[in-house]
Amino acid sequence: QVHVVESGGGLVQAGGSLRLSCVASGSIFSDNFMGWYRQAPGKQRELVAGITSSGRTNYANSVEGRFTISRDNAANTLYLQMNSLKPEDTAVYYCNDLARYALGSWGQGTQVTVSS
């Protein structure tokens, strides 16, 4: 069973950048899909970006062209590079795999706050 710890969040001004990291306690090599999710105040948790074991990626329309998801299986780490940040990107960001997602299991997340 994979457990994850997210980090890298912080307070930045609009237009700034952050790189989030998600370190897994178990290997993510066999995971077919890993994703970054976020939950803003008063909103539902949403999928921001996903990546398959073959390296295919997908992004929410709201972050397309600004965010980049990547994975380092050897380091058991998932990354989210966030550029050109906007105030509406403010949220708690989580990483997850499909199995944990199906179980409704989430980590602590990492807070990203983008000022106007």
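Heads up: the structure comes first, above all this text.
For the structure given in this document, a descriptive report is provided here. (Residues numbered from 1 in each chain as written. Predicted model: local features only at pLDDT ≥ 70, side-chain atom pairs only at ≥ 80, totals over all residues. Heavy atoms only, no water.)

What follows is about the sheet that holds strand β7 (residues 67–72). With antiparallel pairing, the four strands of this open sheet are ordered in space as β1-β3-β8-β7. Lying at the two open borders of the sheet, with one neighbouring strand each, are β1 (4–7) and β7. Taken over all neighbouring pairs, the strand axes of this sheet differ in orientation by 15° on average, direction set aside. (Pairing = 2+ DSSP bridges. Helix = DSSP H or I, 4+ residues; strand = E, 2+ residues; numbered from the N terminus. Axes fitted to C-alpha atoms, helices over the stretch in contact; angles between N-to-C directions.)

Relative to the helices and strands, Val5 resides in strand β1. Contact partners of Val5, with chain neighbours within four places excluded, come to Ser21, Cys22 and Val23. (Contact = heavy atoms within 4.5 Å.)

Turning our attention to the environment of Ser7. With respect to the helices and strands, Ser7 occurs in strand β1. The spacing of Ser7 and Val23 is 16 residues in sequence and 8.4 Å in space, taken between C-alpha atoms. When near neighbours in sequence (up to four residues on either side) are disregarded, Ser7 contacts Arg19, Leu20, Ser21 and Thr110.

It is worth spelling out the pattern of salt bridges at this point. A full pass over the atoms with the stated rule returns three salt bridges. For Glu46, the salt bridge goes to Arg38, with nearest N and O atoms at 2.9 Å. Arg38 gets classed as buried once you look at its relative accessible area, which sits at 6%. A salt bridge links Asp89 to Arg38, with the nearest nitrogen and oxygen atoms 2.9 Å apart. Of this pair, Asp89 sits in the loop between β8 (77–82) and β9 (91–97) while Arg38 sits in strand β4 (residues 33–39), and the two are 51 residues apart along the sequence. Each member of the pair Asp89 and Arg38 is classed as buried. Residues joined in a network through salt bridges with shared partners are Arg38, Glu46, Arg66 and Asp89. (Salt bridge = Lys/Arg side-chain N within 4 Å of Asp/Glu carboxyl O. Buried < 20%, exposed > 50% of the residue type's maximum accessible area, 1.4 Å probe, protein only.)

Counting 26 residues, the largest nonpolar core has Trp36, Phe67, Ile69, Leu78, Leu80, Met82 and Tyr93 as its most contacted members. Mapped by element, the contributors of at least two residues to this core are β3 (18–24), β4, β5 (46–52), β7, β8, β9 and β10 (110–115). Among all residues touching Met82, those that are not within four sequence positions of it are Gly16, Ser17, Leu18, Leu20, Arg66, Phe67, Tyr93 and Val112. (Core = buried A, V, L, I, M, F, W, Y, C linked by side-chain atoms within 4.5 Å.)

Another aspect to go through is the sheet that holds β4. If you walk across this open sheet you meet the six strands as β2-β10-β9-β4-β5-β6, and the pairing is mixed. Of all the strands in the sheet, the pair left with one neighbour each is β2 (10–13) and β6 (57–59). Direction aside, the axes of adjacent strands within the sheet are offset by 20° on average. Two elements, β2 and β10, share four bridges in a ladder whose sense is parallel. By the bridge assignment for β10, Leu11 is matched with Thr113.

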